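Notes for the structure review
What follows is the residue order along each chain.
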Amino acid sequence: MLTNGYSAFQLCSLFLQRQLEEPAAVSNLWNYLAFVAFVVISALIPIRKRLCSRRVKTKEDYVFGAGHISTLAMMLSIARGTLGVISVLGYPSEFFYRGTAMWETLYGMMTAYPIVCFVFIPVYFDLGITSVYQYLELRFNSRLVRCLASGTYILRTLLSLGVTIYTPTVALNTIIGVPYWASLLCITCISIFFNALGGMKAAVAADVIQSLSMTAMLVAIVIYCSVENGGLVRLVEIGEEHGRMNFFNFAADLHLRVTTTSAWLGELFMSLSLLGCQQNFVQRYLSMPNFSKIKRTMLINIPLVAVLFSLPWFVGIGIFTVYRNCDPLKVGHIEKMDQILPYFMVDYFANIPGVWGLFVGTLFNGALTLNISNINSLATVTWEDFLSLVPGLKKKTDSYQLTVIKFVGTIYAVLIMGIAFLVGLLSGVIESSVLVLSATSGPLLGVFILAMFIPFANWKGASLGMIVSHIITVWIVAGRLMYVEVSNSMLPTSIDSCPVQYPDTTNATLYLHEFLASRSASSALTDESFLYWIYSISYMYYGVFGTILTVAVGIVFSLATWTDLDAYNTKMLHPAVRWLHSRSPFGGKRFGSFEVSSGKKPPTLTVAVVSSQEGGVLPEKGAEKS
């Protein structure tokens, strides 16, 4: 019994009775129930078998799903990982305030799929590896290159996931008023629990559920906006009338935020690095039984990705049509551009029970599932590329290794939560996401190009290329954040049709303008300086420049430092490069410093080959280490 003679049950009954007296409260109650039910059900379905089964999960089950994943499920999982929850919240606001320029990144994404399928995957599909970065060690006979690539992947994924799990907290804060820290803590705790019980198969199942629910939600919003505003064609016409349909801008200026050229080229390099060189995607390819299934999955996925990628943009067109004469950000109803979709859901569906609850649940669960699947990959890479080197851990049992992998995943979940707290300082989730991906894509893609396509590349050139690329990219990004004003690219909006009485518009934008003005005033750089010219180059090109730097430095330094000790098994090259190299004037010979060595036999080395039976990596018979 509690004070005043009321039991806990009676207090709950009184609370519900009072809530049900008001229609709005009834709707909110249904929304809360829909939110909780959606998150719980969608989280438990992928791990239901694990909860009901007493079978001990092996490391192979956890990492690869033991090969029992359907083609359709894998297609949705790959597409889901490519787009993510950031697109649902970020692309509508991107269209509303900046137009369709970023939409054209779809060209680069669609170009990357066949390249990854026919260029990257054939190189290491038959190696039987757990971590894709093991390929770099086999190619360069160097653990350093492998660790540098793994470290790059870990850094990029941590930063990217920080943006991802921050995304639904915007919706929760806008609609329900939940503090950012509470949402992040909740996502982290659920991720840790799910990661401990799930694994690759559970992550793919969660991706499928999320893809279907997210697609249904976006289609419903597009249909509603189309019906209310005269059809889909009319929505596009309104967007074009207000200058939002800015396709095919081939301006040569490198400093424009996004053009057709930078969107296609930048996204191509980012997608190649993401799909072809990143552990969580390659891990999905390797879970399929044969290359023909991979090829079928990748090629059929291209139109699927195009549809899923375009849906949030059509949502943005619909929302712009609704608010084209009363911008919620300018009026002060929202504080950040990314809040416009949550604001729309509450503004138009507040009286329909359960609608915004399902919307928030979809965003929350989207960030949750993407976080879990990437934590799985992060932990796997950390074990295979770093912790397995520790003598005390290397010979432990399979179950012990699995326990360590899950513990590492828990640590990463906490780190991601810390990074998410810092994301709010950047200009929108799309800006943050693209900046992170572009800045970290170059070194990773460059080192794989060196490994697959440059026969004379050695570990010294590859390592130095990655290090130089990282240093220069970080320097440019730091200069951009410190000295360059980047908030001047928003298109004009109107408040002509807003009610007469609306909040002071300075509440939403005054602080941002004051901050940018003070930063600009305190900057020691002028718009005409060379450093300012470098710092203000569009971040869409960071991945391109990083890749070129890595390859160029790697080639020059490899030629300057090649010795007979850098010999390797040419099976690690791409098949086409290996064929051309064997028929070139230098075929079968070893490279020296800027010249071909004459007649000297290289020392006998331990050359890694792939065991056809077990899929492991074994030394070649008869080889001796020099």
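Residues numbered from 1 in each chain as written. Predicted model: local features only at pLDDT ≥ 70, side-chain atom pairs only at ≥ 80, totals over all residues. Heavy atoms only, no water.

**Things to note about the packing of helix 6 (residues 85-98) against helix 15 (residues 291-323)**
In plain terms, the rule: Axes here mean lines fitted to C-alpha atoms, for a helix over just the part in contact, with angles spanning 0 to 180 degrees between N-to-C directions. A run of H or I in DSSP counts as a helix once it spans at least four residues, and a run of E counts as a strand once it spans at least two, with each numbered from the N terminus. Each angle is binned into one of four classes, with values under 35 degrees roughly parallel, values over 145 roughly antiparallel, values of 65 to 115 roughly perpendicular, and all other values oblique. Handedness of a crossing follows from how the near helix is turned relative to the far one, being left-handed for an anticlockwise turn of less than a right angle and right-handed for a clockwise one. Residues are treated as being in contact if the distance between any of their heavy atoms lies within 4.5 Å. Amino acid classes used here: Ala, Val, Leu, Ile, Met, Phe, Trp, Tyr, Cys and Pro are nonpolar; Asp, Glu, Lys and Arg are charged; the rest, including Gly, are polar.
Where helix 6 contacts helix 15, the axes come no closer than 8 Å and their chain directions differ by 50°. The angle between helix 6 and helix 15 places the two elements in the oblique class. With respect to the hand of their crossing, helix 6 and helix 15 are arranged in right-handed fashion. Contact residues: S87, V88, Y91, P92, E94, F95 and F96 in helix 6; F309, P312, W313, V315, G316, I317, I319, F320 and Y323 in helix 15. By residue class, the composition of the contact of helix 6 with helix 15 is 13 nonpolar, 2 polar and 1 charged.

**Observations concerning helix 13 (residues 260-277)**
To keep things clear, this is the line we draw: How far a helix is expected to stretch is found by multiplying one less than its residue total by 1.5 Å. The rule is simple: take the accessible area with a 1.4 Å probe, protein chains only, and divide by the maximum for that residue type; under 20% is buried, over 50% is exposed, in between is partly exposed.
For helix 13, built from 18 residues, the straight-helix expectation of 26 Å at 1.5 Å per residue is met to within 8% by its first-to-last C-alpha distance of 25 Å. The buried fraction of helix 13 amounts to 15 of the 18 residues, a majority that puts the element mostly inside the structure.

**With respect to the nonpolar core**
In summary, soluble globular proteins display a tendency toward joint burial of nonpolar side chains. Worth spelling out the cut-off: To form a nonpolar core, buried Ala, Val, Leu, Ile, Met, Phe, Trp, Tyr and Cys residues must be joined to one another through side-chain atoms within 4.5 Å.
If you look at the biggest cluster of nonpolar residues, it comprises 144 residues, and the most contacted ones within it are L136, Y285, L341 and F448. If you tally residues by element for this core, the top one is helix 15, at 14 residues.

**Focus: the confidence of the model for the protein**
To keep it simple, the criterion reads: Think of pLDDT as the predictor's per-residue confidence, scored from 0 to 100.
When pLDDT is averaged along the protein, the result is 76; 73% of the residues meet or exceed 70. Averaged over each element, pLDDT in the protein is lowest for strand 1 (residues 608-610) (36) and highest for helix 25 (residues 542-561) (95). Throughout residues 1-23 the model reports pLDDT below 50, and contacts reaching past four residues in sequence, or to other chains, amount to 13 contacts. Of the regions scoring below 50 in pLDDT, residues 591-626 engages in 65 contacts with residues more than four places distant in sequence or in other chains.

**Some words on the pattern of salt bridges**
What counts here: The salt bridge criterion pairs a side-chain nitrogen of Lys or Arg with a carboxyl oxygen of Asp or Glu, the two atoms within 4 Å.
Counting across every chain of the model gives 8 salt bridges. Taking the shortest distance from any N to any O, the salt bridge between R146 and E137 comes out at 2.5 Å. Classification of E137 by relative accessible area gives partly exposed; the value is 22%. Overlapping salt bridges, with partners in common, bring together E137, R143, R146 and D385 in one network.

**Section: the packing of helix 9 (residues 143-175) against helix 20 (residues 398-423)**
Contact pair helix 9 / helix 20: the axes reach a minimum separation of 7 Å and the direction vectors enclose 60°. Note on packing geometry: the crossing formed by helix 9 with helix 20 is right-handed. Of helix 20, the residues touching helix 9 (which contributes I154, L158, L159, L161, G162, V163, I165 and Y166) are Y412, I416, M417, I419, A420 and V423. A class-by-class count of the residues in the contact of helix 9 with helix 20 yields 13 nonpolar, 1 polar and no charged.

**Side note on the packing of aromatic side chains**
We count it as follows: Any two of the Phe, Tyr and Trp rings considered here, Trp counted by its six-membered ring, make a pair once their centres fall within 6.5 Å; the pair's planes then place it as stacked at under 30 degrees, edge-to-face at over 60, or tilted in between.
Throughout the structure, instances matching the rule amount to 24 aromatic pairs. Centre to centre, the rings of Y541 and F545 are 5.9 Å apart; their planes meet at 20°, and the pair counts as stacked. Residue Y541 is classed as buried on the basis of its relative accessible area, which comes to 5%. Overall, the relative accessible area of 31% leaves F545 in the partly exposed class. In this structure an aromatic cluster arises from ring pairing among Y91, W103, F247, F248, F309, W313 and F314.

**Examining the state of the cysteines**
Heads up, the rule is: A pair of cysteine sulfur atoms is labelled a disulfide when the two atoms are within 2.5 Å.
Tallied over the full model, the rule gives 1 disulfide. The partner cysteine of C326 in its disulfide is C498, sulfur to sulfur 2.0 Å. Taking the sign of the S-S torsion, about 115° here, the bridge from C326 to C498 comes out right-handed. Of this pair, C326 sits in the loop between helix 15 and helix 16 (328-331) while C498 sits in the loop between helix 22 (459-483) and helix 23 (506-522), and the two are 172 residues apart along the sequence. C326 gets classed as buried once you look at its relative accessible area, which sits at 19%.

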